[in-house]
Amino acid sequence: MPRYTAPTKDMQFVLHDVLKVTEQSIPGYDELDADFTSAILEEAGKLTSDVLTPLNAVGDTEGCTLADGVVSTPTGFKQAFAQVKDGGWPGLDMPEAYGGQNMPIVIGTAVGEMFSASNMAFTMYQGLTHGAASAILAHGTDAQKDTYLPKMVACDWTGTMNLTEPHCGTDLGLMRTKADPQPNGSYKITGQKIFISAGDHDMADNIIHLVLAKIAGAPDGIKGVSLFIVPKICVNDDRTLGARNGVSVGSIEEKMGIHGNSTCVMNYDGATGFLLGEEHKGMRAMFTMMNEARLGVGMQGLGQAEVAYQNALDYAKDRLQGRDVTGAKNPDGPADPLIVHPDIRRALMDQKSFAEGARAFLLWGSTLIDAAHRAEDQAADGLVSLMTPVIKGFLTDQGYDMTVKAQQIYGGHGYIEEWGMSQFTRDARIAMIYEGANGVQALDLVGRKLMQDGGKHVMAFFDLVKGFIKDNAGQDPEFDADFLNPLKAASKDLQAAGMYFMENGLKKPNNALSGSYDFMHLFGHVCLGLMWARMGKAAKTALENDAADPAFYQTKLHTGRYYMARQLPATALHLSRIESGAQTVMALDAAQF
């Protein structure tokens, strides 16, 4: 059975050596000393390793079942969900007023990575609840907050998001679900939604669906969409549970992965719903949940890459195959372990350097969210808005690729279910699709985010990179050569790509759109390059100050050098593709394909 060990030491390194959280001026960060964060991370690590990891294969094998309108989760899920609730984990970064612990998002992100890595399908139940609660917190009335949030923060009630319909996914303006106003201020919701993660299950007393629908007479398209709170079981005025609402499960989707999560077809037959936010402004309210979900999905890409890497590393150290070409490393055995071979090392280093860089990127992004929410930092809010499609798209694409590389290390055993590696690949695959397919993320990045607010946020990112290089250049020729010079070259590629879009995108939009996917990956590599440069600087400083564990920091420098030398140069390839324009992409007529 695959194992998972939470990378708490690496998380502590990023939080305290790289991000220096206690030195930041964000409210609440002064309490995040190393002992405090270690206690949280170690406790979460035990729960994820000892309780959730063993259930990952169970959920994959058993899946969820629907019988007589009741959805049952896999064996052990209910008991594990109770343990998660009892530990207060679902409300870690939610407001104290509603039963949460009000910790910064950066801590919730670190813990969330562990949960996603150990059991992605299970973690989605609480993750979607967190997103739904955040939407109600941001857009709900005081009465709605008081009614739903205490139960949702505790996960006594869970939550979902209902967007997709059989005939519309990305283009939500085509939706047909209706909302008919009632004299008492409520609405009757009628329609069908598909692909609803955690749509129904047996682990909570109630499920609070957030449903997009159109009120009669609403404007056409996306501008006519509103968002509604539709509980599975109606809630009485005294907040006790009442009658069953007009919402039911039509079926559970048969999926490639995340079998332990009940992905449902949901039928709304005149169900009672309540407007969340303003009429016809549903997407504004839903995007509160979707943006949070996109960061969470990026975290899923990292989580699956991390757990797959850990198991591939174990296998590479244990499996005996062939001899080291430079001389036997296991002379008393029939063969050397796989890890002696350069191509195995390459695959493992790809995985290790990605996972550690992605972790730093996500935690840094979380500090931007904290700065925006806790310190009302508009610059941080704009920067994380720019980064959101990069986090979602790049980390899930790369995360999936890393699970494939981990599977490849096993050879034929990686294709056999008993070893568990295929689950990581199958589970990771959905992260590239849901919460906005990655092609759409790339279009959002180039078409909207790049020039948002006159382009000041992307310019702020360039200034951030330039500032780091300027502040650290010339102090150590080796650091310049290994970290700063590759980062400078990659950043120039990113700027050149942006300039190409400015010069060619307005006159010929397809030139920009055909290069958007490459731009998203180019941007992602520069972000991880910046993270590795910062981690390299922190590791170098620790070694100069006689760190207690020099091997850890030396390993960090070696891993960073690998990324800068072997992965970051991909920016030149992406730039070349972007600058080739749309001609070859659009050359064929539809009939010629």
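Rules of the game
Residues numbered from 1 in each chain as written. Predicted model: local features only at pLDDT ≥ 70, side-chain atom pairs only at ≥ 80, totals over all residues. Heavy atoms only, no water. Helix = DSSP H or I, 4+ residues; strand = E, 2+ residues; numbered from the N terminus. Rg over C-alpha atoms; globule rule 2.2 N^0.38 Å. Buried < 20%, exposed > 50% of the residue type's maximum accessible area, 1.4 Å probe, protein only. Contact = heavy atoms within 4.5 Å. Areas by Shrake-Rupley, 256 points an atom, 1.4 Å probe, with all protein chains shown as cover. Lys, Arg positive; Asp, Glu negative; His and termini not counted. Charge placed at Lys NZ, Arg CZ, Asp CG, Glu CD. Pairing = 2+ DSSP bridges. Polar contact = N/O pair within 3.5 Å; in protein donor to acceptor, adjacent residues only side chain to side chain. Salt bridge = Lys/Arg side-chain N within 4 Å of Asp/Glu carboxyl O. Disulfide = S-S within 2.5 Å. Core = buried A, V, L, I, M, F, W, Y, C linked by side-chain atoms within 4.5 Å. Axes fitted to C-alpha atoms, helices over the stretch in contact; angles between N-to-C directions. Parallel < 35°, antiparallel > 145°, perpendicular 65-115°, else oblique. Left-handed = near helix turned anticlockwise from the far one by under 90°. Nonpolar A, V, L, I, M, F, W, Y, C, P; charged D, E, K, R; others polar. Phe/Tyr/Trp six-rings, centres within 6.5 Å; stacked < 30°, edge-to-face > 60°. Lys NZ or Arg CZ within 6 Å of the ring centre and 35° of its normal.

> Explain the overall build of the chain here, please?
Across its full length, the chain carries 17 helices and 11 strands. A compact globule built from 593 residues would reach a C-alpha radius of gyration of about 25 Å, and the chain, at 24 Å, matches this within 12%. Each principal axis of the C-alpha atoms in the chain carries an extent, and together these give about 80 × 60 × 60 Å. Within the chain, the fraction of its 593 residues that count as buried is 57%. Sequence separation of at least 24 residues holds for 73% of the intrachain contacts in the chain that already meet a minimum separation of 6. When the accessible surface of the chain is split by element, carbon and sulfur atoms take 52% of a total near 24,400 Å². Each charge sign in the chain was given a centre, from 50 positive and 70 negative side chains, and these centres are 5 Å apart.

> It is not clear to me how the pairing of strand E7 (residues 225-231) should be interpreted in this structure. Could you clarify?
Regular strands show a simple pattern: their side chains alternate between the two faces of the sheet. Across the 7 residues of E7, 7 count as buried, placing the element largely inside the fold. Burial along E7 is two-sided: Val-225, Leu-227, Ile-229 and Pro-231 and Ser-226, Phe-228 and Val-230, pointing in opposite directions, are all buried. The pairing of strand E6 (residues 206-215) with E7 spans 7 bridges and is classified as antiparallel. Each bridged residue has a counterpart across the sheet, and for Leu-212 the counterpart in E7 is Leu-227. The pairing of E7 with strand E11 (residues 264-275) spans 2 bridges and is antiparallel. Along E11, the bridge assignment pairs Phe-228 with Leu-275.

> What is the right way to read the pairing of strand E9 (residues 241-244) from this model?
Relative to E9, strand E8 (residues 233-235) is paired through 2 bridges, and the arrangement is antiparallel. Directly across from Ile-233, in E9, lies its bridge partner Arg-244. Joining the antiparallel neighbours E8 and E9 is a turn of 5 residues, in which Arg-239 adopts a positive phi near 70°.

> Quick question: what am I supposed to make of the environment of Thr-288 here?
Position of Thr-288 relative to the elements: it lies in helix H7 (residues 282-318). In this view, Thr-288 contacts Ser-134, Ala-135, Ala-138 and His-139; residues no more than four positions away in its chain are not counted.

> Hey, could you run me through the side chain of Thr-160 in this one?
Its place among the elements puts Thr-160 in strand E3 (residues 157-162). Look at Thr-160 and you get buried, because its relative accessible area is 0%. Within polar-contact distance, the side chain of Thr-160 engages the side chain of His-209 at 2.8 Å. Not counting the four nearest positions on each side in its chain, Thr-160 is found in contact with Ala-132, Ile-196, Ser-197, Ala-198, Gly-199, Ile-207, Ile-208, His-209, Leu-210 and Met-289.

> Please clarify how the pattern of salt bridges should be interpreted in this entry.
Note on pairing: side chains with opposite charge can pair once their charged atoms come close. Per the counting criterion, the structure on display carries 27 salt bridges. A salt bridge links Glu-278 to Arg-284; its shortest N-O distance comes to 3.5 Å. For Glu-278, a relative accessible area of 48% translates into the label partly exposed. One salt bridge in this structure joins Arg-374 and Asp-370, with 3.9 Å as the shortest N-O distance. Of this pair, Arg-374 and Asp-370 are both found in helix H8 (residues 342-374), 4 residues apart, which corresponds to roughly one turn of the helix. Residue classification places Arg-374 among the partly exposed positions, given a relative accessible area of 25%.

> Please clarify how the state of the cysteines should be interpreted in this entry.
Tallying each qualifying case throughout the model produces 0 disulfides. Cysteine Cys-264 is unpaired, with the sulfur of Cys-64 as its nearest cysteine sulfur at 7.6 Å. What makes Cys-264 buried here is its relative accessible area of 0%.

> Whenever I open this one, the nonpolar core confuses me. Can you help?
Nonpolar side chains in soluble globular proteins tend to end up buried together. Membership of the largest hydrophobic core comes to 170 residues, with the highest contact counts inside it found for Leu-210, Phe-361, Met-387, Phe-461, Phe-519 and Phe-523. Among the elements that make up this core, the one with the highest residue count is H7 (16 residues). Met-120, Ala-121, Val-297 and Ala-431 belong to the second-largest nonpolar core, a separate cluster that totals 7 residues.

> Which parts of the structure should I look at to understand the environment of Phe-468?
Relative to the helices and strands, Phe-468 resides in helix H12 (residues 456-472). On the basis of relative accessible area, Phe-468 is assigned to the buried category, the value being 14%. A sequence separation of 43 residues divides Phe-468 from Asn-511, and the C-alpha atoms of the two residues are 32 Å apart. Beyond its immediate sequence surroundings of up to four residues, Phe-468 is in contact with Leu-484, Leu-487, Leu-530, Ala-533, Arg-534 and Lys-537.

> So what exactly am I meant to see when it comes to the packing of H12 against helix H15 (residues 516-544) here?
Across the interface, H12 lies against H15 with an axial gap of 11 Å and an inter-helix angle of 30°. It follows that H12 is roughly parallel to H15 by the angle criterion. For H12 against H15, the interelement crossing comes out left-handed. In contact with Val-458, Phe-461, Leu-464, Val-465, Phe-468 and Asn-472 of H12, H15 contributes Phe-523, Val-526, Cys-527, Leu-530, Ala-533, Arg-534 and Lys-537. Looking at the contact of H12 with H15, its residues break down into 10 nonpolar, 1 polar and 2 charged.

> Help me understand the packing of aromatic side chains, please; the structure alone is not making it clear to me.
One pair of aromatic rings is described through two measures. These are the centre distance and the angle between the planes. Evaluated as defined, the whole model comprises 18 aromatic pairs. Measuring from ring centre to ring centre gives 6.3 Å for Trp-89 and Phe-115, while their planes differ by 55°; the resulting arrangement is tilted. Placement of the pair is Trp-89 in the loop between helix H3 (77-86) and helix H4 (105-118) and Phe-115 in helix H4, with a sequence separation of 26 residues. For the residue pair Trp-89 and Phe-115, the accessibility class agrees, reading buried in each case. Here the aromatic cluster, defined as three or more aromatic residues joined through ring pairs, consists of Phe-461, Phe-462, Tyr-500, Phe-501, Phe-519 and Phe-523. The ring of Phe-552 has Lys-9 lying over it, and the distance from NZ or CZ to the ring centre is 4.9 Å. Over the face of the ring belonging to Tyr-400 we find Arg-429, whose NZ or CZ atom lies 5.7 Å from the ring centre.

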